[in-house]
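Notes for the structure review
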Amino acid sequence: MNIIIPEFALIVLHRLMESGFESYIVGGCVRDSVLGQSPKDYDITTSARPEEVVGIFESFTVIETGLKHGTVTVMSAGSPVEVTTFRTDGDYLDNRRPSSVRFCGTLREDLSRRDFTCNAIAYSPQSGIIDYFGGLSDIENKIIRAVGNPRRRFEEDSLRILRAMRFSSRLGFEIDRQTSDDMHLCRSLLSNISGERIFAELSGILMGENAREIILQYHDILSEFIPSFSDMAGFRQNNPYHIYDVLTHTAVAVERAEPRLCVRLAALLHDVGKPACYFEDADGVGHFYGHAEESVQIAREVFRRLPTDNFTKERVIKLIKYHDAPISPDHKQIKRMLLRHGEEFVSDLIELEKADALAQSPEYHERIDRLRECGAMLREIVEQNECFSLRRLAIGGRDVISLGVPSGKRVGEILTALLSMVVEEKVSNTPDKLREAAIGLIEAEEQSDG
Ligand code: ATP
Ligand code: MG
């Protein structure tokens, strides 16, 4: 098999070899190359010690990323290449961090500490593929399999449980039976992993093509950090709008949402409040009054456990809050929403509601058509440069001041009033018409003051 390595990574590989050290590209970049996908970064594993690597690349920019763990980042033609010394991990403390790392003599030992067979293949143009653990055939058969005894590997580092789910979701690979069984078995060890890391892996899982399967198959693992998931599995909705239990509905909604992180996170959490809100009427039909607000509360707890940036958190919470808000393909209504919430939020909300509808009974699919129309209408409003924000208003503060309004708070109030008139299609967004309307507002005010 021939793997194409970009020039910037080859430079680093060759230099290490010329200096007398064994060196290979390794890990994700080999896996992705075998799959015919373009790797997002290149990692090299080498027999050179970190100090030796630093010496060899004296004339390069070198970042001592994790010298203790043997990792040095070499900037080659503007791109980073991570160079890591062959190593094995000492005993693991707390199911996450090795107590020590030991630099070792052989590639084989280095590959044996890696997580999955598909990530444990080395390659160099001189040696070709080196595959001690059957990674190539696992890639061919689309299998994620732990290197060595899965249970021991998850006990060493439980983050690997989530990494397996992420790779499976992204690559569409099945997780090998023993590996999968041991993931379930070891799931409580995830309590040793920081919330930030869990959030990063969860995001990767949700963004993958295979997210639905992973959510369904590993909901017990998700419930380690989102406890409500344990109530959602098998929770029947008894409602004509729904054909799935709450968990399946959630998993399908995630899959059907475009891969935008906020939308997929909101899809994951939009109905977590349902089990707590279940109410059955006299006809035996299930309802979930107030579940959006309950889901918001639970989502807040989830974000306390799994901290992320404030923008993402607030966006997701707001999407959950509004996920049942009626939106119709009505020009003015969409513009009002744009005025109130901004373009990006409205676009995310339409996407979320569409995904939600796509995960309901197919009998109610006219809602999907309406939401599609809303999406098209939103794009048209934006493309036609229609006005729904002060930035797009054809006059500004200076124009209002030139009409005799002293600069200050009142100027902003007049502009906001004009904007709302434009959105309501009472005034067209041209300087003349807006000035005229502004004069009207000023005069009306003077009269009421006088
Ligand atoms: P991605 O495309 O997501 O970056 P990757 O396979 O390159 O995937 P990285 O996290 O960049 O993943 O790690 C690079 C390599 O280091 C992996 O391919 C694997 O061989 C090894 N590795 C990373 N994290 C672990 C871990 N927790 N346990 C064992 N090996 C790991
Ligand atoms: Mg990588």
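These figures come from a predicted structure and were not determined experimentally.

Positive phi, normally seen in glycine, also occurs at Ala 77, with a value near 45°. With respect to the helices, strands and loops of the structure, Ala 77 is situated in the loop between strand S4 (71-76) and strand S5 (79-85).

To continue, consider the site of ligand 1. Lining the immediate environment of ligand 1, one finds 15 residues, of which Arg 31, Asp 157, Arg 160, Arg 166 and Arg 170 sit closest. A distance of 2.9 Å separates an oxygen atom of ligand 1 from a polar side-chain atom of Lys 40. Asp 157 is positioned with one of its side-chain polar atoms (N or O) 2.9 Å from a nitrogen atom of ligand 1. For ligand 1, the protein covers 81% of the area, taking 590 Å² as the surface of the free molecule. Looking at which element gives the most residues to the shell around ligand 1, the answer is helix H7 (residues 159-171), with five residues.

Moving on to the sheet that holds strand S11 (residues 128-130). As summarised here, the arrangement of the seven strands in space is S3-S4-S5-S2-S1-S10-S11, forming an open sheet in which the pairing is mixed. A single partner strand is all that each edge strand has here, and the edge strands are strand S3 (61-66) and S11. Within this sheet the neighbouring strands show an average axis-to-axis angle of 30°, counted without direction. Note: strand S1 (residues 23-26) against strand S2 (residues 42-46), three bridges, orientation antiparallel. Considered in S2, the bridge of Ile 25 is made with Ile 44.

Right, let's talk about helix H22 (residues 409-423) for a bit. Over its 15 residues, H22 extends 22 Å from the first C-alpha to the last, a length consistent with the 21 Å expected when each residue adds 1.5 Å. When H22 is considered as a whole, its buried residues turn out to be Val 411, Ile 414, Leu 415, Leu 418, Leu 419, Val 422 and Val 423. Each element contacted by the buried residues of H22 is listed here: helix H18 (331-341), helix H21 (397-402) and helix H23 (431-449). Taken from the residues just after H22, Glu 425 is the one with a positive phi, measuring 60°.

Right, let's get into the environment of Leu 202. Looking at the element boundaries, Leu 202 is found in helix H9 (residues 195-207). In this structure, the C-alpha to C-alpha distance between Leu 202 and Arg 49, residues 153 residues apart in sequence, is 34 Å.

Bringing the packing of aromatic side chains into the picture now. In the structure shown here, the tally under the stated rule is seven aromatic pairs. The interplanar angle of 75° and the centroid separation of 6.2 Å between the aromatic rings of Phe 116 and Phe 167 together place this pair among those described as edge-to-face. Of this pair, Phe 116 sits in the loop between helix H4 (107-112) and strand S10 (122-124) while Phe 167 is found in helix H7, placing the two residues 51 residues apart along the sequence. Look at Phe 279 and Tyr 289: their rings are 6.0 Å apart centre to centre, the planes differ by 40°, and that puts the pair in the tilted class. One end of the pair, Phe 279, is in strand S14 (residues 279-280); the other, Tyr 289, is in the loop between strand S15 (286-287) and helix H16 (291-305), with ten residues separating them in the sequence. Given the relative accessible area of 58%, Tyr 289 is considered exposed.

Attention shifts here to the side chain of His 270. Relative to the assigned elements, His 270 resides in the loop between helix H14 (261-269) and helix H15 (274-277). Classification of His 270 by relative accessible area gives buried; the value is 0%. A distance of 3.1 Å separates polar atoms of two side chains, one belonging to His 270 and the other to His 249. Contacts of His 270, omitting those with residues within four sequence positions, involve His 249, Ala 253, His 291, Ser 295, Ile 320, His 323 and Asp 356.

Let us now look at the domain arrangement of the chain. Per the domain assignment, the segments making up the chain are domain 1 (1-148) and domain 2 (393-449). Taking the mean C-alpha position of each, domain 1 and domain 2 sit 64 Å from one another.

Inspection of every chain in the model, using the stated rule, returns 32 salt bridges. We note a salt bridge from Lys 335 to Glu 386, for which the minimum N-O separation is 3.1 Å. Residue Lys 335 is located in helix H18, and its partner Glu 386 is located in the loop between helix H20 (366-383) and H21; the two are separated by 51 residues in the primary sequence. Across the pair, exposure class does not vary: Lys 335 and Glu 386 are buried alike. Within this structure, Glu 258, Arg 260, Arg 315, Glu 344, Asp 348, Glu 351 and Lys 354 form a network of salt bridges that share partners.

Moving on to the packing of H7 against H9. Contact geometry of H7 with H9 gives a least axis separation of 8 Å together with a crossing angle of 20°. The pairing of H7 with H9 is recorded here as roughly parallel in orientation. The interaxial crossing formed by H7 with H9 has left-handed handedness. Packed against H7, whose contacting residues are Leu 159, Leu 162, Arg 163, Met 165, Arg 166 and Ser 169, the element H9 presents Arg 197, Ile 198, Glu 201, Gly 204 and Ile 205 at the interface. Of the residues in the contact of H7 with H9, the class split is five nonpolar, two polar and four charged.

Analysis parameters
- The numbers attached to residues start from 1 for each chain and follow its sequence in the written order.
- Chain letters start at A and ligand numbers start at 1, both assigned in the order the entries are written.
- With the structure being a predicted model, the display of local features is reserved for residues of pLDDT at least 70 and the display and counting of side-chain atom pairs for 80 or more, all residues being used for whole-chain, interface and lining totals.
- Note that water and hydrogens are dropped before the side-chain values are worked out from all heavy atoms of the structure.
- Secondary structure elements follow DSSP: runs of H or I of four or more residues count as helices, runs of E of two or more count as strands, with numbering from the N terminus.
- Near residues are defined by distance, with any heavy atom within 4 Å of the molecule or strand qualifying the residue.
- Polar contacts, as used here, are pairs of N or O atoms within 3.5 Å; protein pairs need one atom able to donate a hydrogen and one able to accept it. Residues neighboring in sequence count only if both atoms are side-chain atoms.
- The method behind every accessible area is Shrake-Rupley, applied with a 1.4 Å probe, and residues are considered shielded solely by the protein chains displayed.
- Strand pairing is assigned whenever DSSP identifies at least 2 bridges connecting the two strands.
- The axes used here are C-alpha line fits, helices contributing only the stretch in contact, and every angle between their N-to-C directions lies in the interval 0 to 180 degrees.
- A helix's residues, less one, multiplied by 1.5 Å, set its expected span.
- Relative accessibility decides the category of a residue: with a 1.4 Å probe and only protein chains considered, values under 20% of the type maximum give buried, values over 50% give exposed, and everything between is partly exposed.
- In this description, contact between two residues means that some pair of their heavy atoms is separated by no more than 4.5 Å.
- Pairs were defined over the aromatic rings of Phe, Tyr and Trp, the Trp ring being its six-membered one, requiring ring centres within 6.5 Å. Orientation was assigned from the angle between planes: stacked under 30 degrees, edge-to-face over 60, tilted for the rest.
- Each domain span listed reflects an automatic or database assignment of domains.
- Salt bridge, as used here: a side-chain nitrogen of Lys or Arg that lies within 4 Å of a carboxyl oxygen of Asp or Glu.
- Orientation categories follow fixed angle ranges, with anything under 35 degrees roughly parallel, anything over 145 roughly antiparallel, 65 to 115 roughly perpendicular, and all other angles oblique.
- Each crossing gets its hand from how the near helix is turned against the far one by less than a right angle, where anticlockwise is left-handed and clockwise is right-handed.
- Note on residue categories: nonpolar means Ala, Val, Leu, Ile, Met, Phe, Trp, Tyr, Cys or Pro, charged means Asp, Glu, Lys or Arg, and polar means any other residue, Gly included.

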